[in-house]
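Here is how the chains run, residue by residue.
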Amino acid sequence: MTDAVPEVVLALSTAPDADTAARIGRALVQERLIACMNVVPGLTSIYRWNGDVQTDQEVLMLMKTQPGRVNRLRERISELHPYEVPELLVAPVVDGLAPYCRWVRDETPGD
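Residues numbered from 1 in each chain as written. Predicted model: local features only at pLDDT ≥ 70, side-chain atom pairs only at ≥ 80, totals over all residues. Heavy atoms only, no water.

## Concerning the pattern of salt bridges
As enumerated under the stated definition, the model contains 4 salt bridges in all. Ionic pairing is found between E75 and R72, a salt bridge with its closest N-O pair at 2.8 Å. Of the two residues, E75 and R72 both sit in helix α2 (residues 70-80), 3 residues apart, roughly one turn of that helix. Under the relative-accessibility criterion, E75 is labelled partly exposed at 42%. E79 is the salt-bridge partner of R76, the closest N and O atoms lying 2.6 Å from each other. A residue pair is termed a helical-turn pair when its members lie 3 or 4 positions apart in one helix, as R76 and E79 do in helix α2 at 3 residues. Given the relative accessible area of 14%, R76 is considered buried. Linked through salt bridges whose partners overlap, the residues forming this network are E31, R76 and E79. (Salt bridge = Lys/Arg side-chain N within 4 Å of Asp/Glu carboxyl O. Helix = DSSP H or I, 4+ residues; strand = E, 2+ residues; numbered from the N terminus. Buried < 20%, exposed > 50% of the residue type's maximum accessible area, 1.4 Å probe, protein only.)

Quick look at the structure:
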């Protein structure tokens, strides 16, 4: 890992549609919990829920932030999301363009 990239993580979640994802993304950006969200349409999710296999069309939400914002991000996703159990997975960024990573950190200052 280079010193140009520390403290940037990629968080991902799904939403039932682009409007819901945009509403969540706007709130998270306004609250400075994420620097940005990419909404990727055309996702088919297959999963087991309440004992039945489900297939749903969803959108993928890719969010960039820093580790210090993840706890609050987790809380807000749970509050804003329409799903009973929203997905939220967070992975470290091991490398990236230094100016972009700096921008992510600048846009998501700690409390």
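## Side note on the side chain of K64
Inspection of the secondary structure puts K64 in strand β3 (residues 52-65). It is E107 that comes nearest to the buried, bridge-free K64 among opposite-charge side chains, at 13 Å. Setting aside its immediate chain neighbours within four residues, K64 contacts V9, L10, I34, A35, C36, N38, Y100, V104 and T108. (Lys, Arg positive; Asp, Glu negative; His and termini not counted. Contact = heavy atoms within 4.5 Å.)

## Some points on the sheet that holds strand β2 (residues 36-49)
Pairing within the open sheet is antiparallel, and its 4 strands lie in the order β2-β3-β1-β4. What marks the edges here is a single partner per strand, and that holds for β2 and β4 (89-92). Strand-to-strand twist in this sheet, taken as the mean axis angle between neighbours without regard to direction, amounts to 30 degrees. Relative to β4, strand β1 (residues 9-15) is paired through 4 bridges, and the arrangement is antiparallel. (Pairing = 2+ DSSP bridges. Axes fitted to C-alpha atoms, helices over the stretch in contact; angles between N-to-C directions.)

## Some thoughts on α2
Three or more residues of α2 are buried, namely V70, L73, R76, I77 and L80. In an axial view of α2, the angular spread of the buried residues amounts to 120 degrees, which keeps them on one side of the axis. Residues N71 and E79 are exposed on α2 and point more than 90 degrees away from its buried face. Next to the buried residues of α2 lie β1, α1 (18-30), β3 and β4. (Arc of directions from axis to C-beta.)

## As for the packing of α1 against α2
The packing of two helices is summarised by the inter-axis angle and the distance between the axes. It is at 11 Å that the axes of α1 and α2 come closest, and there the two elements cross at 145 degrees. The handedness of the crossing between α1 and α2 comes out as right-handed. Counting all contacts with α1, which are made through R23, I24, A27 and L28, the residues of α2 involved are L73, R76, I77 and L80. Residue composition of the contact of α1 with α2, grouped by class: 6 nonpolar, no polar and 2 charged. (Left-handed = near helix turned anticlockwise from the far one by under 90°. Nonpolar A, V, L, I, M, F, W, Y, C, P; charged D, E, K, R; others polar.)

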